[in-house]
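The primary structure of each chain is shown beneath.
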Amino acid sequence: MPGAEEYVPPRVRLPGLRAAVQECRGCELYRDADRAVFGEGRESARAVVVGEQPGDQEDRAGRPFVGPAGRLFDEALAEVGIDRDDVYVTNATKHFRFQRQQGKRRIHQKPSRGQVNACRPWLTAELNVVRPEVVVCLGATAAQALLGPSFRVSRQRGELIEHEGMRVLATVHPSAVLRSEDDREQRYAELVADLRVAAETLRPE
């Protein structure tokens, strides 16, 4: 897999990156997705939130975190007092990986490690521009994209980790909360508790 590095223009800000990502052919995911879905938010954002990949609604809209999981995440941010304007949201991969079932229905499929690695230069470029105070990784794919394949969210969720000059916190993806049936309220409370740790780092000393 060639990777995205040759498609990432050097020394450009977010608008230039957002335009360039549509031409990325660093992995095969571009062939089926409607478009690349780049991150969204201000360059001055104090926090960067990294999910796994765009979902079906994000792919159609061309914007990250606009589906049910994104709306749940917005609720959790509001609950811990993190201003949405202080957050830049993006994903470990910029194209939607899916399987087509029952005609037009598109079912989420987890991106492979190779696809995540191929897309990493885009995430690196975003982080270099925004330079956040804290990075929140939602789910194992996002956490391992930044912290390496041996990282386990189940063991270190909610912990602030110093990594390559960044403070990184991993928690579950909101979609995992939505998939819960018997313990959804508990899973949501755990997500909120993890996000409170990030919120504390953003409060003035």
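K.L.:
Can you walk me through the side chain of D59 in this structure?
P.N.:
Mapped onto the fold, D59 is located in helix α2 (residues 56–61). On the basis of relative accessibility, which here comes to 0%, the residue D59 falls in the buried class. For D59, the contacting residues outside a window of four places in its chain are A33, D34, R35, V37, P54, F96 and R106.

K.L.:
When you look at the sheet that holds strand β7 (residues 166–171) in this model, what are you seeing that I'm missing?
P.N.:
Sheets are built from strands that pair by backbone hydrogen bonding, the pairs being arranged parallel or antiparallel. Here we have 5 strands laid out as an open sheet, ordered β2-β1-β5-β7-β6, and mixed in their pairing. Bordering the open sheet on either side are β2 (87–91) and β6 (160–163), each of which pairs with just one other strand. Across the sheet, the axes of successive neighbouring strands diverge by a mean angle of 25°, strand direction being ignored. Looking at chain direction, β6 and β7 are connected through 4 bridges and run antiparallel. Among the inter-strand pairings, E162 is bridged to a residue of β7, identified as R167.

K.L.:
When you look at the environment of I82 in this model, what are you seeing that I'm missing?
P.N.:
Tracing the sequence through the fold places I82 in the loop between α3 (68–80) and β2. Sequence-distant contacts of I82, defined by excluding residues within four places in its chain, comprise L77, V87, L195, A199 and L202.

K.L.:
How should the packing of aromatic side chains be read in this particular structure?
P.N.:
Centre distance and the angle of the planes are the two values used to describe a pair of aromatic rings. Under the counting rule described, the total for this entry stands at 3 aromatic pairs. Between the NZ or CZ atom of R106 and the centre of the ring of F98, over which it lies, the distance is 4.8 Å.

K.L.:
Sorry if this is basic, but what is going on with the side chain of Q53 here?
P.N.:
For Q53, the position within the fold is in the loop between β1 (47–51) and α2. The exposure class of Q53 is buried, given its relative accessible area of 8%. Reaching out from Q53, the side chain makes a polar contact with the backbone nitrogen of R97 at a distance of 2.7 Å. A distance of 3.1 Å separates a polar atom in the side chain of Q53 from a polar atom in the side chain of H108.

K.L.:
Where do I start with α3 in this structure?
P.N.:
Since there are 3.6 residues in each turn of an α-helix, residues three or four apart along the chain are aligned in direction. The end-to-end C-alpha distance of α3, which contains 13 residues, comes to 19 Å, matching closely the 18 Å that a straight helix rising 1.5 Å per residue would cover. When we look at burial in α3, the residues that qualify are A69, G70, L72, F73, A76, L77 and V80. All buried residues of α3 fall inside an arc of 160° around its axis, so they share one side. Residues of α3 that are buried sit in contact with β1, β2, β5 (134–138), α7 (174–179) and α8 (184–202). In the segment just after α3, G81 is the residue with positive phi, at about 85°.

K.L.:
Help me understand the pairing of β6, please; the structure alone is not making it clear to me.
P.N.:
Successive side chains on a regular strand alternate, one facing one side of the sheet and the next facing the other. Here β6 shows a buried face lined by I161 and H163 and an unburied face lined by L160 and E162. As consecutive antiparallel partners, β6 and β7 are separated by 2 residues, and within that stretch E164 has a phi angle of approximately 50°, a positive value.

Reading the values: the criteria
Residues numbered from 1 in each chain as written. Predicted model: local features only at pLDDT ≥ 70, side-chain atom pairs only at ≥ 80, totals over all residues. Heavy atoms only, no water. Helix = DSSP H or I, 4+ residues; strand = E, 2+ residues; numbered from the N terminus. Buried < 20%, exposed > 50% of the residue type's maximum accessible area, 1.4 Å probe, protein only. Contact = heavy atoms within 4.5 Å. Pairing = 2+ DSSP bridges. Axes fitted to C-alpha atoms, helices over the stretch in contact; angles between N-to-C directions. Phe/Tyr/Trp six-rings, centres within 6.5 Å; stacked < 30°, edge-to-face > 60°. Lys NZ or Arg CZ within 6 Å of the ring centre and 35° of its normal. Polar contact = N/O pair within 3.5 Å; in protein donor to acceptor, adjacent residues only side chain to side chain. Expected span 1.5 Å × (residues − 1). Arc of directions from axis to C-beta.

By themselves, these observations are geometric and do not establish any function.
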